[in-house]
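A structural walkthrough
Next come the chains, spelled out residue by residue.
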Amino acid sequence: MKKNEKIISLAMAAMLAMNSNQAISEETSDSSFDEAQSATATNTGAINSALDRQKLVDALKSMKNKPEEINFHSAMCYKMAMPPAVYEYTCPDCGQISTHKYQSIAGRLSRQIASVRRSLPNLPVKISVNETALCQKCSKTGQPELAFTTNCGNCAATFTWKITSDKELAKLDWLFLDYPVKSISSGPGRGKTIDPDKVREMVEFVSGCFFCPECIEKLQLNYKD
């Protein structure tokens, strides 16, 4: 009887050991699988970013060399409602609310910054924005501007550039186009359907925001007059 009990005990111990080893094996396997998935996702993201940057470079070269292939179309004119007198901007750093005239450059920058923040992570090149100058408490100069820092899409060197005027703010939309493009809105009203000078302006601005001066030359995106 005691012999049978001993055999049963040994059998149960063996089964427990097997189940424990299997659990450890499965846990290790799951951990390795998760690590492999994470590494694959990281590598895929890097590859996709590289492909997107190359697609951007190819598109800019095509625009530079064949500007007549880009068509500009006019948008319909709409009667706008009377805008408010002021726009309230909330600083993401200190939380203070700054009041800007709605139609001033400070007001226009403040109204667009939320969209810019959301869109920057989708670009093929790493760009960050400093909006401190829009805050009446945090601003050091009192001059409204958006200050950007770019990690060059070719060599990764950092450089800065700013948006300080309505004209520059209008150009900012060019960064977020889905390149390559063949047709671009020129805003309300009738304008040129083919405009090589406008295309040149686009190539120079977009290249200057995504790549450092040295790499612009290496990538043959510069104009040699």
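Structure's up top.
Read on for an overview of the structure. (Residues numbered from 1 in each chain as written. Predicted model: local features only at pLDDT ≥ 70, side-chain atom pairs only at ≥ 80, totals over all residues. Heavy atoms only, no water.)

1. Let's talk about the environment of N151
Counting through the fold element by element, N151 comes out in strand β5 (residues 146-151). For N151, a relative accessible area of 25% puts it in the partly exposed group. Considering only alpha carbons, one finds N151 and F211, 60 residues apart in sequence, at a separation of 7.8 Å. Not counting residues up to four positions away in its chain, the partners in contact with N151 are V125, K126, A156, A157, T158 and F210. (Helix = DSSP H or I, 4+ residues; strand = E, 2+ residues; numbered from the N terminus. Buried < 20%, exposed > 50% of the residue type's maximum accessible area, 1.4 Å probe, protein only. Contact = heavy atoms within 4.5 Å.)

2. Some points on helix α2 (residues 105-119)
Taking 1.5 Å of rise per residue, the 15 residues of α2 would be expected to cover 21 Å, and the 20 Å separating its terminal C-alpha atoms lies within 8% of that figure. Along its length, α2 shows its largest kink, about 40°, at I113. Among the residues of α2, those classed as buried are A106, G107, L109, S110, I113 and V116. (Expected span 1.5 Å × (residues − 1). Bend = angle between axes of the 7 residues up to and from the residue.)

3. Considerations on the sheet that holds strand β6 (residues 158-163)
What the three strands build is an open sheet, ordered β4-β5-β6; its pairing is antiparallel. A single partner strand is all that each edge strand has here, and the edge strands are β4 (127-130) and β6. Recorded for the sheet is a direction-independent mean angle of 25° between the axes of neighbouring strands. Together, β4, β5 and β6 form the strand contacts of helix α4 (residues 196-210), whose direction differs from that of β6 by roughly 135°. (Pairing = 2+ DSSP bridges. Axes fitted to C-alpha atoms, helices over the stretch in contact; angles between N-to-C directions.)

4. Describing the pairing of strand β2 (residues 86-90)
Bridge count for β2 against strand β3 (residues 97-101) is five bridges, and the pairing is antiparallel. When the sheet's bridge partners are listed, Y87 is paired in β3 with H100.

5. Structural notes on unusual backbone geometry
A cis amide bond links Y179 to the next residue, P180, at an omega of 0°. Of note, P180 is situated in the loop between α3 (166-172) and β7 (183-188). Positive phi outside glycine occurs at A156, with the angle close to 75°. Here A156 is to be found in the loop between β5 and β6. In this structure A156 comes out as partly exposed when scored by relative accessible area, which is 47%. Although it is not a glycine, Q220 sits at a positive phi angle of roughly 60°. Within the secondary structure, Q220 is located in the segment after α5 (213-218). With relative accessibility at 52%, the residue Q220 sits in the exposed group.

6. Focus: the pairing of β6
Here β6 shows one buried face, formed by F159, W161 and I163, and one open face, formed by T158, T160 and K162. The pairing of β5 with β6 spans six bridges and is classified as antiparallel. By the bridge assignment, N151 is partnered in β6 with T158. As consecutive antiparallel partners, β5 and β6 are separated by six residues, and within that stretch A156 has a phi angle of approximately 75°, a positive value.

7. Regarding the packing of aromatic side chains
Aromatic ring pairs are reported here in terms of the distance separating the ring centres and the angle at which the planes meet. A full pass over the atoms with the stated rule returns five aromatic pairs. Between the aromatic rings of W161 and F205, the centroid separation amounts to 6.3 Å while the plane-to-plane angle is 80°, which identifies the pairing as edge-to-face. In this pair, W161 sits in strand β6 while F205 sits in helix α4, placing the two residues 44 residues apart along the sequence. Each member of the pair, W161 together with F205, is buried. Ring centres of F210 and F211 lie 6.5 Å apart, and the angle between their planes is 70°; on these two criteria the pair is classed as edge-to-face. Joined through ring pairs, the aromatic side chains of F148, W161, W174 and F205 make up one cluster. Its end group placed over the ring of Y223, K64 keeps NZ or CZ at 6.0 Å from the ring centre. The ring of Y102 carries the charged tip of R111 above its face, separated from the ring centre by 3.9 Å. (Phe/Tyr/Trp six-rings, centres within 6.5 Å; stacked < 30°, edge-to-face > 60°. Lys NZ or Arg CZ within 6 Å of the ring centre and 35° of its normal.)

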